[in-house]
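# Breakdown of the fold
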Amino acid sequence: GTGLGLNISRNMSHLLGGTIEVESTYGKGSCFSINLPTNIDEPHEPVVSNETLVRPEATQASSSRESSLQLEKPNDDIVEKYASLKEKHILLVEDDMRNVFTMMAALGRFDFTFTVATNGQEAIEKLESEAQPDIILMDLMMPVMNGFEAAGIIKNNISWQSIPMITVTANDQNDEEKQCRELGVEDFITKPIEISVLLKKMAELIK
């Protein structure tokens, strides 16, 4: 119910040079159609639509990097300790769908509502069109618009700057935490993420 399946289908159809369309009637249902070229072996440029496009090179880089999350689900003690977090709304900004699924599975016992964006530009669009989240988890290395640029825009917008944000990166070799703090980001965490550490940071920020 989060739209992840449709998002994946859209990106896959674009990467194959095709498009995805929808016809929907309220109260009756929706029909999704995927149109693909007859020969997908020939080199082609991805179809550009008015929606966010994840290009092949970005997807390949995402698949090869070593930043995929491996989170252990919280035990009963941790769930009880951070019970105040239950049913909160999280804007999860992450371009690697493996990490998205891992994060959602690890945090499933908290019944969070997740809004997922695959890059910074899409995160800003979500903030413009949907209810404000209780917290933003922002990956830093993403295509289209990275987490640094998105964080700067969000923290300079009077309507969004009070939303707590935790930025996430695979390492901190380039003083990334310092850069994030200068942008106004409240907290920072590196991968591999310890679920108890993430929950502690979230609990401290969500009031």
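Note that the coordinates shown come from a computational prediction; the quantities given were computed from them, not determined experimentally.

Below, the discussion takes up the pairing of strand β2 (residues 29-35). The two faces of the sheet receive side chains in turn, since in a regular strand these alternate between them. Bridging between strand β1 (residues 19-25) and β2 involves seven bridges; their strand directions are antiparallel. Residue pairing for β2: Glu23 is matched across the bridge by Cys31. Hairpin connection of β1 to β2: three residues between the antiparallel strands, including Gly27 at a positive phi of 85°.

A few words now on a nonpolar patch on the surface. On the surface, Leu6, Val22 and Phe32 cluster together into a nonpolar patch covering about 280 Å² of accessible area. With relative accessibility at 43%, the residue Leu6 sits in the partly exposed group.

Right, let's get into the confidence of the model for the protein. The share of residues in the protein with pLDDT of 70 or more is 81%, and the mean pLDDT across the chain is 81. Predicted confidence in the protein is weakest over helix α2 (residues 56-64), with a mean pLDDT of 40, and strongest over strand β5 (residues 135-139), with 96. Note on residues 43-67: pLDDT is under 50 here. Beyond four places in sequence and across chains, it has 49 contacts.

Take the pairing of β5 next. For β5, a buried count of five out of five residues is recorded, marking the element as mostly surrounded by other parts of the structure. Burial of the side chains of β5 extends over both faces: Ile135, Leu137 and Asp139 are buried on one face and Ile136 and Met138 on the other. Of the pairings in the sheet, the one linking strand β3 (residues 89-93) to β5 comprises four bridges and is parallel in character. Directly across from Leu92, in β5, lies its bridge partner Leu137. Across four bridges, β5 lies against strand β6 (residues 165-169) in parallel orientation. For Met138, the partnering residue across the bridge sits in β6 and is Thr167.

What follows is about unusual backbone geometry. Of note, the amide linkage connecting Lys191 to Pro192 takes the cis form, showing an omega dihedral of 0°. Relative to the assigned elements, Pro192 resides in the loop between β7 (187-190) and α8 (195-205). With a phi angle near 65°, Glu87 is a residue other than glycine that sits in the positive phi range. Following the sequence through the fold, Glu87 ends up in the loop between α3 (76-81) and β3. According to the relative accessible area criterion, Glu87 is exposed, its value standing at 62%.

Reading the values: the criteria
Residues numbered from 1 in each chain as written. Predicted model: local features only at pLDDT ≥ 70, side-chain atom pairs only at ≥ 80, totals over all residues. Heavy atoms only, no water. Pairing = 2+ DSSP bridges. Helix = DSSP H or I, 4+ residues; strand = E, 2+ residues; numbered from the N terminus. Patch = residues over 30% accessible without salt bridge, like charges linked within 9 Å, V, L, I, M, F, W, Y side chains within 5 Å. Areas by Shrake-Rupley, 256 points an atom, 1.4 Å probe, with all protein chains shown as cover. Salt bridge = Lys/Arg side-chain N within 4 Å of Asp/Glu carboxyl O. Buried < 20%, exposed > 50% of the residue type's maximum accessible area, 1.4 Å probe, protein only. pLDDT = per-residue confidence, 0-100. Contact = heavy atoms within 4.5 Å.

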